[in-house]
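Now for the letters of each chain:
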2 protein chains.
Amino acid sequence: MSERVELSEVAPRDGLQSIGPFVPTETKIALVRATYEAGLRRMEVGSFVSPRAVPQMADTGEVLKVAKQLAGLECTVLVPNRKGFEAAMNAGADRLGLFMSVTESHNKANLNRTREESFADLAAIVREAPKGTKIRFNLSCTFHCPFEGVVPEQDALDVIERVVALDPEMEIALADTTGNASPDQVRRVFEHAHAAWGKRFAYHGHDTYGMGIANVTAAWEAGCRIFDAASGGIGGCPFAPGATGNVAMEDVVWLFRRMGVETGVDWAKLLAAADLAASVPGATPGGAMRRVPAARLAA
Amino acid sequence: MSERVELSEVAPRDGLQSIGPFVPTETKIALVRATYEAGLRRMEVGSFVSPRAVPQMADTGEVLKVAKQLAGLECTVLVPNRKGFEAAMNAGADRLGLFMSVTESHNKANLNRTREESFADLAAIVREAPKGTKIRFNLSCTFHCPFEGVVPEQDALDVIERVVALDPEMEIALADTTGNASPDQVRRVFEHAHAAWGKRFAYHGHDTYGMGIANVTAAWEAGCRIFDAASGGIGGCPFAPGATGNVAMEDVVWLFRRMGVETGVDWAKLLAAADLAASVPGATPGGAMRRVPAARLAA
C-alpha cells in the first residue's frame, strides 16, 4: 500500500487575505467548491480576525456556512485571540487555527502584541476549548523572519516546546512565512521535533525564494505527513511585493504523484481549481504546473 | 571550513539553443562575460553540432575564442560525434561535453541515431582523445523522457555503468532533461552511482515541473558536488512550449548560500548576469530569485 499525505488547502485564506480589492463572497465560495471538487478535504476557509486589520476576511462567517455543508470537508478558521475563538466557536468551525510567531518582531507587526501576550491568550484557549475541539497551533516565522532574518534553530525549538506542553496531541504547524527557509534547516527542525515530541507537526510553506518544493520534500523526508498549500500558488507576501505566495497545491500534488504518494486529488479538477484561483482579480499566482502543457494531459 | 560546490554555467549553450531568431554573437559574448564577472569559472559556451540542426550554435567557435581569454575559465563545448570532436579539438576547448540519451527514442529524436551508434562513436572519442583532454559525458533523460515517461532506475544505471567503464575518472553528468525527475528518484540514482562508481557525477537539471531546486537539493544530499544551471533560468524545452528551462543559477546559488555552501559567486553581479540573460530576445526566463526584492538587497 502506498503512503498517503494529508493536504490542507489555504487559498481561500492565505491566498486571498493580502488582496486589496474585496473579493466577492461568491468568488470565495466558488474557490472553496472547486478545491473541494478536486478532492481536498481539509481547508482554511478564512480567519476570525479584526475586519479593520484584514478587511478581506470580513465574510469568513458566510464562507464557512457554505463550506460546512460540503460532506467530509474539515473547515479550519484562523483565530489569533479570544475574540476570534468565540466567533469561531459560535460559527461552528471544525478546527481552530491558532497562530502566533516564533519571532518577537513579526508577532508585534502581525498581531500587535508581544509573543508572551499571544501565548498566554492562546494557551488559555487551548485549556478552555470544549473537549473534542480540534485545534491546530500555527507558528509563523519558524525558520526565517522578515525582520530578524534566519531564526536560530534552538530559538524555534524552544517556542515549539512550550506549545507542545499545552496539549499532548494538538497538531502544530511549523510555517515558513517568508519562503526563505532552506531545506537542510527544515529537515533538521522537523527531525528534531518528531524525535522529541512525536509526529504531530504540519508544514506550511511559501515559494517566494524558489525553495518551496525543496522544503516540502525535506519535511516529508523528515516524517511530516500534513502540508498546507494554495491552489494556483496565490498569496503574495506583504513584505516582498511581486513575490509569489504559498507553495502551489498543484506543484505539491505533482511532487507527491511522482514520489508515489497518495493525495486523494483529481488532477484535472485540481488544475481547474488552480486556474480559478489564479484568475481572481488581484491574486498573484505562482507555481510551475499550470504552465506545463504535458502535465495538462496527465490523468 | 565550509563545503564548496562547483557550478557550471550553461546559459550560453542550453539557455540559448532553442531560441528561434539568431542571438548575435556579441550578445552571447556579453553573457559569457557577465557570468564570468559574477565568479563562475566553468561554462558551456556552445556546441559543435550541425549548424543545420542547431543554427543558434553556428558561432560557437567565435564565442569560444573570446571565452578562452578569460583567466581561469574552463570552457566546455558540447560534442555529439566525431565531427564535433574534431572541431572542438581544433578550436582548443578546455573540456569536451560528450552527450547521448539514456532512452532510445530521445536519442533518435535528438541525435538522429541509435544509442548504440552514439555510444560507439563517443567511446572511440574517449579512447582516442589526447592524454589529458578533459571530458564530461552527459547522459540526457536519465530520469524522465518526453517519449518514454519515467525512466526505470535500473535502465539508467545500466547505461551509466557502460559509460563508467570507458574511463576510470571521467566526469559523468546525469541530466533531467524534461524537468520531471522527482527528488526521491534523483537521490536514489545518485546514491547508487556514488556507492558503485565513486563521486564523479554531476547533476544537470531543469525546473519545468517546479522540482528543479528540490532535485538539486536531493543530488547534493546524495553527495553530488558539481551542478549545471543557467543564469536567468533561460532555456525553454522544445517538448513543452511555455515551460521554463534550466534550473536558474541564481536560485541554485541562493539555495547553497542558505545551506552555508561556498559557491564563489558575487550575488549582485550574478543577478545582473541573470537579468541580462533574461533580457535576450526570444529567451524564456524562469527562476524565482530575480523577482524577490529582499534578495536584491543581499550582499
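Residues numbered from 1 in each chain as written. Chains lettered and ligands numbered in written order. Predicted model: local features only at pLDDT ≥ 70, side-chain atom pairs only at ≥ 80, totals over all residues. Heavy atoms only, no water.

Short version of the rule: UniProt positions are given in the numbering used here, feature names are shortened, and annotations may be inferred rather than shown by experiment.
An unreviewed UniProt entry lists chain A under the name Hydroxymethylglutaryl-CoA lyase, with Paracraurococcus lichenis given as the organism. The record in UniProt for chain A states the following under Sequence similarities (unreviewed entry): "Belongs to the HMG-CoA lyase family."

**Re the packing of aromatic side chains**
Residues and elements named next belong to chain A. Using the following cut-off: Each aromatic pair joins two rings of Phe, Tyr and Trp (for Trp, the six-membered one) with centres within 6.5 Å, and gets the label stacked for planes under 30 degrees apart, edge-to-face for over 60, and tilted for any other angle. Put simply, DSSP H or I for four residues or longer makes a helix, DSSP E for two residues or longer makes a strand, and each gets a number counted from the N terminus. Burial classes: relative accessible area under 20% of the type maximum marks a residue as buried, over 50% as exposed, and values in between as partly exposed (1.4 Å probe, protein chains only). Whether a charge sits over a ring comes down to the Lys NZ or Arg CZ being within 6 Å of the ring centre and within 35 degrees of the ring normal.
As enumerated under the stated definition, the model contains 16 aromatic pairs over all chains in all. When the ring of tryptophan 220 is compared with that of phenylalanine 256, the centres are 5.1 Å apart and the planes differ by 65 degrees; the resulting orientation is edge-to-face. Pair noted here: tryptophan 220 is in helix α9 (residues 212–221) and phenylalanine 256 is in helix α10 (residues 249–258), with a separation of 36 residues, a long-range link. In this structure tryptophan 220 comes out as buried when scored by relative accessible area, which is 8%. On the basis of relative accessibility, which here comes to 0%, the residue phenylalanine 256 falls in the buried class. A connected cluster of aromatic rings, assembled from ring pairs, spans Phe143, Phe190, Tyr203, Trp220, Phe227 and Phe256. The ring of tyrosine 36 has arginine 41 sitting right over it, with the charged end atom 3.8 Å from the ring centre. Across from the ring centre of tryptophan 220, 3.4 Å away, lies the NZ or CZ of arginine 225, which sits over that ring.

**Some thoughts on the interface of chain A and chain B**
How big an interface is tends to be reported as the loss of accessible area on association of its parts. Note the cut-off: The contact definition used throughout considers only heavy atoms, calling two residues in contact when any of these lie within 4.5 Å. Buried area adds together the accessible area that both of two parts lose upon being put together, with accessible area traced by a 1.4 Å probe. The salt bridge definition used is simple: a Lys or Arg side-chain nitrogen within 4 Å of an Asp or Glu carboxyl oxygen. Any pair of nitrogen or oxygen atoms within 3.5 Å is treated as a polar contact; in protein, a donor-acceptor pairing is required on top of that, and neighbouring residues in sequence qualify only through side-chain atoms on both sides. Residues are grouped as follows: Ala, Val, Leu, Ile, Met, Phe, Trp, Tyr, Cys and Pro are nonpolar; Asp, Glu, Lys and Arg are charged; all remaining types, including Gly, are polar.
With 32 residues of chain A at the contact, the number on the chain B side is 32 residues. Note on chain A versus chain B: buried area summed over both sides is about 2500 Å², and carbon and sulfur give 59% of it. The largest contributions to the chain A side of the interface with chain B come from Tyr209, Arg258 and Arg291 of chain A, which together make up 24% of the buried area. The interface formed by chain A and chain B holds 2 salt bridges in total. The interface formed by chain A and chain B holds 8 residue pairs in polar contact (both at pLDDT 80 or more) in total. Mapped onto the side of chain A that touches chain B, the elements with two or more residues apiece are α8 (183–197), α9, α10 and α12 (293–296) of chain A. Residue composition of the side of chain A that touches chain B, grouped by class: 19 nonpolar, 8 polar and 5 charged.

**Structural notes on a negative patch on the surface**
Residues and elements named next belong to chain A. How we decide: Patch definition: residues with relative accessible area over 30% and no salt bridge; like charges joined within 9 Å; nonpolar side chains (Val, Leu, Ile, Met, Phe, Trp, Tyr) joined within 5 Å. Throughout, the Shrake-Rupley method with a 1.4 Å probe supplies accessible areas, and for residues the shown protein chains are the sole cover considered. In this tally, Asp and Glu contribute negative charge and Lys and Arg positive charge; neither His nor the terminal groups of the chain are included. Charged groups are reduced to one reference atom each: NZ for lysine, CZ for arginine, CG for aspartic acid, CD for glutamic acid.
A cluster of acidic residues, Glu148, Asp155, Asp158 and Glu161, forms a negative patch on the protein surface. Checked against the element boundaries, glutamate 148 lands in the loop between β6 (144–145) and β7 (149–150). Residue glutamate 148 is classed as partly exposed on the basis of its relative accessible area, which comes to 43%.

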